[in-house]
Every structure is written in structure tokens, then in C-alpha cells.
Protein chains: 2
Amino acid sequence: MIEIAIMGHGVVGSGVAKIITGHKKRLFNNVGEEIYIKRILDLREFPDSPLADRFTKDFDLILNDVEIRVVAEVMGGIHPAYDYTKALLKAGKSVVTSNKELVAAKGAELLEIARANNVNYLFEASVGGGIPIIRPMNQCLVANDVSEISGILNGTTNFILTKMFDDGMDFDSALKLAQQLGYAERNPAADIEGHDACRKICILASLATGKHVYPKNIYTEGITRITNRDVLYAEKAGCVIKLIGNAKLLDNGMLDIYVAPMLIGKDGPLANIKGVFNGIVVNGDCTDEVMFYGKGAGSMPTASAVVADIVDSCHHLKQRRFLFWADSNNENILPHSESRTAVYLRIDSPEALPEVEKLFGEVEVIVESDELAVITGEFTVCEIYGKIDELEKSGYKVLSSIRVEAK
Amino acid sequence: MIEIAIMGHGVVGSGVAKIITGHKKRLFNNVGEEIYIKRILDLREFPDSPLADRFTKDFDLILNDVEIRVVAEVMGGIHPAYDYTKALLKAGKSVVTSNKELVAAKGAELLEIARANNVNYLFEASVGGGIPIIRPMNQCLVANDVSEISGILNGTTNFILTKMFDDGMDFDSALKLAQQLGYAERNPAADIEGHDACRKICILASLATGKHVYPKNIYTEGITRITNRDVLYAEKAGCVIKLIGNAKLLDNGMLDIYVAPMLIGKDGPLANIKGVFNGIVVNGDCTDEVMFYGKGAGSMPTASAVVADIVDSCHHLKQRRFLFWADSNNENILPHSESRTAVYLRIDSPEALPEVEKLFGEVEVIVESDELAVITGEFTVCEIYGKIDELEKSGYKVLSSIRVEAK
């Protein structure tokens, strides 16, 4: 019998408890021993739970119990999860987590503490919910130099964008619907402003490069400014708009990483990912494009990934899994102003075209009606800002500017 | 330093050697020791290879070398790979392979020998080339009861079908093109008749159910009878035709497993997988649909998966990875005649419709011209054969019958 604890009994934590009690035999067959939930840490009471006798509000009961070898941290947030995780790893317990905020903010430090204490810190559930991605990247693609990771990493925003494209809804109505369906929180900022996606692309980029990429250094743009006009024009250009987290290793060793809405061609692998689904494309030098697709959130999918890490920890109580990245000052992150991209521009008058062509050279004209919509060639973000400034000085207004995926 | 051997220096084997020598530092950082290729077994001579001094024609030099701990078997075929693998596992060496034919035919026996000798037998490369699928299914989805696996598992046939759909080519021309491009062998039977896909769905089903599913017991139909008319009519029905390997666990515990061309709706995740790409959808009770997508064949993608298994074996020289299925008499395989499906029928005359409706009840009429094309409701394969017989007794000829994906 291997004794474990679960910290947090919310959406994910209750799913973890449900899987471990409900799939007891399947897990026994794999691990060779029973996985026994000894403690569940939560400040709330759950008198009707079949595990009611295991609940505690006292973290020390878990920390000081030498028989508890593996702890699932599914509380979310930085505090107190960070202090708890540190203490548990130092006490020789393996910790597995779905807490992307913590992994993105403190991963390097926690991985180092895990290494020093010869235990595991695993976080399959922190990216892509139930989609296997951390372990495949870390193990199956180990032979690859990863040149680019590009993903739809947030189901809420993808649901909203799908509703805008497929059902013609406007942003506010689609957000409201997402809230009604439980896909978006009452305060949806972390999703719609791109912060959630940013944490995830940072985790994947840290894994691929071996150096911690901190979210605070990453350009992050959400989808709140996408309008129905943009949707219409994107379709005319044969594209959809997706919120993309992208990390690309440039030839000079710099990492071009950002989260932004992007126009992507309808035939690309990410274009057909709809609703709350996530998709992550990893480009390795041996494998070329590999894609992982599935439900990126939700109680059971995310809990499924947490349990996979619990099982892996049980298999490796005496041996560390190789999952590591070093701390970094992020000197290798390309300043966003130097990031190169083609850009979709929506301008308030079709008469702007000559001025646009003067500034951007040849452009693809998508719409020339009461407005002008074009796709330019590739420039640095800095150059694009400068040219937009010039254009606005000529009296035109740029209503939207959205990155366009390289062909 | 961990010493390894590679058996076979063909398409995959030469890729393995190339990755291990070319990505030496990356692999050292992961394993903590150098992976050193001590021997390469091949009957041919490679005097110009930078590894020319490592080649041997003598298997015993590998078998009897106690310093060689891990062997990559990338020879293909059953003999002598089977005998070699058995001998190596019994000698306490871990074996990793891309040999789907051997894993599908002898997996249970070889996994048992590996278990008895406390070594690993790993085969990530046997399904989906460079796409991570075996390890994700085995580890990341460990908490799931897998209810269904459905995949495009053969790149050659998917290339041919893509050319038929997107470029209007006929089967023979598309096959010839695939051969010219090196995607199909001179003798393409294993691909176009579905045997390659069958081995792969058997491996995945064995992994999901824990019981060896033998290819010889599985209904396998290739794509040689798909005509341009079928392509045209499928498009009219909003579908594409894909060669699908499917394994579905029924409520009664039986496994409905087959390889067959199928009409699938254009919006489904597998419909947009084109050319030589593979895609595998795994349906777990916790995760729902998860899809894996990428290049299913080729030297470097497949070698990448072999190297991942070599690395995993190096991490686990003293511990077995949990990857196992038991032998089975396949009593749990549903007889194909009892498999239920809707079916697309192409019949030589539009006048057959009343008779078709008499036999099949309400049908969806796709085409009524010089021919009749319909999609029926669900029946067992046995019932469908019976009704087709009846129809032909009435003087009509059924020109095509193709399974249709359940809506």
C-alpha cells in the first residue's frame, strides 16, 4: 500500500479522489500496490463524502506523516501552494500538481528542490488538462531538438472564438454563454486576457529549452479586441482566428515567445480545433510536426493527468524521473519588438490603400468596402508599430491589427 | 557510459545511429551518461560509415557481450528478429523495437520473457512512427478505461486516398505516385490490403485491454476497391474515405475490432489528416477524446521513437517499466459478422431504390443517376451481407459497400 494525500477538494481534487477510489483495481494492477488516500486537505467540510474521515484542515498532519509518500497539490494559486510544495519536497515526498500558475512562476526552484531531495515534482496536468503533453515531450521526443511549439492552450477563449466564427456571436455574448456553461469564471480575465495560455506556453518552452521561461517576461495579448468584422474578414482571407501560444527557437539562439490572437489558414492542424478543445503542435528536428489534441480542462480530464503522475511517482519512489529545467534570467528571450510577423490590418477607410502600400509595400487586400482590410508581408513588431503610427498620422485609424501565421 | 547495439542498418537503424551520434550532448544531459553504440548488426558492408568499425555480421558478439545493456531491434520481420529478441531478453538485456510485425505476432510472449528477466521490451516506434502513442497510452492515460481507439495508422494508404480526394487521381495512379515518392514499397500489399494497419490496431488494443489481440483473428480490408465514383459520392455525402483501424470495447465486454475503409464526416478529427500523416483518437472514460497526430513513418521520425525507448531503458536498467499484456485466446473478440455499422452502398441502377428500402428500411439517398448510392441505418455485418445477397438476387449489382462512421 502506498499512502498519498490530496491538497484541495475542488474541481480537480474531487476528480482525483473519484478516480483513485473508482479505478482502484486498474491502478492496483499497474502499480502492484493499492494507492490509498490517507488525507485530503481542504478548509471546507465535506460531511457527505465517502472519504469524510480523511479530511483535515491541518497541513502538518500531511507534512509530518512519514507514511505519506506522494502528495497531489491541486489547490491552485501561488500561496500557500508554493510553501506547502517546498516543505513536502524537502520532507522527501514527491509532489504532483495541476497548478500551472505555480509551475510557471516557481518551476525551476521546485524542480531543483526535488532534485536535491531525490524526489519527483511532476505536472502533466498543468498544460492541456487530460492531453498527454509533458511526458511525451520530455520522454518520447527526447531525441529531438524542438524548434517550435504552437498551441491552442486555453479552452475558454477557443470556445468564445468558435462561437464567434461558427455562430456569428459577438464577443460579449459568447463570453456570457461560456460563463453560463461553466467554461469561464465569473472573473474571466486570466482566460480572455491570455494569462492562462501564457503560463502554459512558458511551461512548455521551459521544458523544451531546459531554461525557465518566466511569464512576466512574455508578451501576452488576449482576445477582447476581436470583433465580428475581424471574424468576417478573416474568413474572407481563408483563415480563422485562434489565441495562440507560440515559442520558436531562432537560428541565433533567441526564443521568440508570445501569446496573441492570430489568423491561421483553415487547412492548418490547429484551425480545426473547436470549442473547449486544446491542441498543441510540437516541431522536432526528427519528428517534424507532432500534434496533441483533446479536452484541455475539466474535472475528470485534468484529474486523469494528475493520477497518471501519482502512478508514475509510485513507480519511482526510489528513483527520480528526469524532468528538469534550470533557472534563467531570460536573457535568451527575444524582445517582443523584434519578433517578426505578417499582420492583418483593419483600417477605417478604403482610401488608405495607397498609403498602406507606401508603408508596407505589397499587401494582400481582403476587403475594400467602408473599411479596408489587408494582410502585409513580414516585419518586426517594432516596424509594424512605427508604420501604424505613420498611417494614423495621415489621418486613418487602424481598427485592428492581428498577427498572421507564417505560410 | 551505457553500451548499446543496433540490429539492422536500414531506413530506421541508420536513423537511430545518426540521432545517437548527432545528438550526443542532448542525450548525455538526459541520461547522465554517454550512450555508446558498440555494435551494429547487418549482413551488408558499410565501409564509408563513420561507425564502420562497429559493424558485425555475428549476432553472438552482441548476445555474449555483458557490457551491452540495451539493444535496438530495427531489422523488421519475424525471423530472425524473434529468436534474437528472445535470446537478448533472456541474457538480461533490454530490447527496444520498431518491429510492429513482431510485436503484433509475439508481443505477449516477449513481454513475459522481459518480465521474467527483469528487463524491458519497449516498442514506441511500432505504432505511429514518431508520434508518441504507446507511452502516453500506457502512462498518461493509465487512469482511464479506454472504450475506443480509432486511427489512421498507415501513411501510404492515407496518401493514396488523399490524392484520390484532393486531386481526383484514380487508385492505380495514386499508388504509382506513392511508389515513385518512396511512400509505398514495390510490393505494396502489406499497406494497401490493410495488414500494416491491422498490426498497429492490434498492438494498441492489446495495450488498452491488457490481452494480446492477434492480427490473424481480425477482419482486415484494404483500399484496393475504392473507386473514383466512391470518392465522388462520399464527397456528396459530406464525407471522406479513410482506412481506419478501430477497436471498441462493447458493453458486454467483447472487443469489436477491424481494419476497413470508412466514410467519415468531414468535421471529425480524423477527416482532416492528409497525406502520409497518421492520427490516432483514444477515448478514455476520464479524458474523453484525445488525439495524437504526426508523421507515421520515415527514417528520422521512427528512429526518434526508438531512441526515446533506448533512453527510457537507460533510465531503467535496474527497474522494469510497466508495459505488459497477457497472452489470450482472443475469445473476447467479437466475430466480425456481429459487428454493427451503417453502410454506404453503390448499386448499378437507380431503380433499385424501392428494393433497397424494402430490405434496409429508410436510407439516405446520396446519388440517383445511372447509379444509386445510399447510406443505410445500422445493421450487423451479417445482416448487411444477407441483404446484399437478396438485392443481387433481384437482379441488381452492388458495386461498393463501405462502412460508415457512427454519427
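Since the model is a prediction, treat every value here as computed from it, not as a measurement.

Enquirer: Give me the overall build of chain A: which residues, what numbers.
Expert: A tally of helices and strands in chain A yields 14 helices and 16 strands. The C-alpha atoms of chain A give a radius of gyration of 23 Å, which matches the 22 Å a tight globule of 407 residues would have. Overall size of chain A, expressed as C-alpha extent along the three principal axes, is 75 × 45 × 35 Å. Residue burial in chain A is summarised as follows: out of 407 residues, 53% are buried. Look at the contacts in chain A between residues 6 or more apart in sequence, and 73% of them connect residues 24 or more apart.

Enquirer: Residues and numbers for the domain arrangement of chain A, please.
Expert: How big an interface is tends to be reported as the loss of accessible area on association of its parts. Residues and elements named next belong to chain A. Looking at the assigned domains, one finds that chain A contains domain 1 (2–129 + 299–315), domain 2 (134–295) and domain 3 (337–404). On the side of domain 2, 16 residues touch domain 1, which itself brings 13 residues to the contact. Here the side of domain 1 that touches domain 2 gets six residues from one element, more than from any other, and that element is helix H5 (residues 100–116). Considered class by class, the residues forming the side of domain 1 that touches domain 2 number six nonpolar, four polar and three charged.

Enquirer: Residue-level account of the interface of chain A and chain B, with values.
Expert: Of the residues lining the interface, 42 residues belong to chain A; the matching set on chain B comes to 42 residues. Only helix H2 (24–31), helix H6 (134–140), strand E12 (288–295) and helix H12 (299–315) of chain A provide two or more residues apiece to the side of chain A that touches chain B. Considering each element in turn, the side of chain A that touches chain B owes the most residues, ten residues, to H12 of chain A. A class-by-class count of the residues in the side of chain A that touches chain B yields 22 nonpolar, twelve polar and eight charged. Pairing geometry for E12 of chain A and strand E12 (residues 288–295) of chain B, over five bridges, is antiparallel. When the sheet's bridge partners are listed, Tyr293 of chain A is paired in E12 of chain B with Met291 of chain B.

Enquirer: Describe the relation of the copies chain A and chain B, naming the residues involved and giving the relevant values.
Expert: Taken as rigid bodies, chain A and chain B are interconverted by a rotation of 180° and an axial shift of 0.0 Å, the fit giving an RMSD of 0.0 Å. The superposition of one copy onto the other is thereby described by a two-fold rotation axis. Every residue of chain A has its C-alpha some distance from the rotation axis, and the shortest such distance is that of Phe292 of chain A, at 2.5 Å.

Enquirer: Can you explain the sheet that holds strand E2 (residues 35–41) of chain A? Please cite residues and give values.
Expert: All names here are of chain A. Strand order in the open sheet formed by six strands is E3-E2-E1-E4-E5-E6, and the pairing between neighbours is parallel. At either end of the open sheet lies a strand with only one pairing partner, and these are strand E3 (55–56) and strand E6 (121–122). Sheet analysis places strand E5 (residues 94–97) next to E6, joined by two bridges and oriented parallel. By the bridge assignment for E6, Val95 is matched with Tyr121. Helix H1 (residues 11–22) rests against strand E1 (2–7), E2 and strand E4 (68–73) of the sheet, and its axis sits at about 155° to E2.

Enquirer: Quick rundown of the sheet that holds strand E2 (residues 35–41) of chain B? Include the residues and the values.
Expert: Residues and elements named next belong to chain B. Spatially, six strands are ordered E3-E2-E1-E4-E5-E6 in an open sheet, and the strand pairing comes out parallel. The outermost strands of the open sheet, each flanked by one partner alone, are strand E3 (55–56) and strand E6 (121–122). Both strand E1 (residues 2–7) and strand E4 (residues 68–73) contribute to a ladder of five bridges, which runs parallel. Paired with Met7 across the strands is Glu73, a residue of E4. Lying on the sheet, helix H1 (residues 11–22) is in contact with E1, E2 and E4; it crosses E2 at an angle near 155°.

Enquirer: Explain the pairing of E1 of chain B to me, and be specific about the residues and the numbers.
Expert: Residues and elements named next belong to chain B. Most of E1 is tucked away, with five of its six residues classed as buried. Of the strand pairs in this sheet, E1 and E2 are connected by six bridges, and their pairing is parallel. What sits directly across from Ile4, in E2, is Ile37.

Enquirer: Before we move on, can you summarise helix H7 (residues 155–166) of chain B with the specific residues and values?
Expert: Residue and element names in this part refer to chain B. Taking 1.5 Å as the rise per residue, H7 with twelve residues should run 16 Å; its terminal C-alpha atoms sit 16 Å apart, in good agreement. Of all twelve residues that make up H7, eleven are buried, and the element is covered over most of its length. Buried residues of H7: Gly155, Thr156, Thr157, Asn158, Phe159, Ile160, Leu161, Thr162, Lys163, Met164 and Phe165, and no others. Among the structural elements, strand E7 (146–152), helix H8 (171–180), helix H9 (189–192), helix H11 (228–236), strand E9 (239–249) and strand E11 (277–284) are those in contact with the buried residues of H7. Just past H7, the residue Gly168 takes up positive phi, approximately 70°.

Enquirer: Now, about the packing of H2 of chain A against H12 of chain A: what can you tell me, with residues and values included?
Expert: Residue and element names in this part refer to chain A. Interaxial distance between H2 and H12 falls to 10 Å at its minimum, and their mutual angle equals 35°. As for the relative orientation of H2 and H12, their crossing is right-handed in sense. For the pair formed by H2 and H12, the contact residues are Leu27, Asn30 and Val31 on the first element and Val311, Cys314 and His315 on the second. A breakdown of the residues in the contact of H2 with H12 according to their chemical character gives four nonpolar, two polar and no charged.

Conventions used here
- Residues numbered from 1 in each chain as written.
- Chains lettered and ligands numbered in written order.
- Predicted model: local features only at pLDDT ≥ 70, side-chain atom pairs only at ≥ 80, totals over all residues.
- Helix = DSSP H or I, 4+ residues; strand = E, 2+ residues; numbered from the N terminus.
- Rg over C-alpha atoms; globule rule 2.2 N^0.38 Å.
- Buried ≥ 20, exposed ≤ 12 C-beta atoms within 10 Å, placed from the backbone.
- Contact = placed C-beta atoms within 7 Å.
- Domains from an automatic or database assignment.
- Nonpolar A, V, L, I, M, F, W, Y, C, P; charged D, E, K, R; others polar.
- Pairing = 2+ DSSP bridges.
- Least-squares fit on C-alpha atoms with pLDDT ≥ 70 in both.
- Axes fitted to C-alpha atoms, helices over the stretch in contact; angles between N-to-C directions.
- Expected span 1.5 Å × (residues − 1).
- Left-handed = near helix turned anticlockwise from the far one by under 90°.

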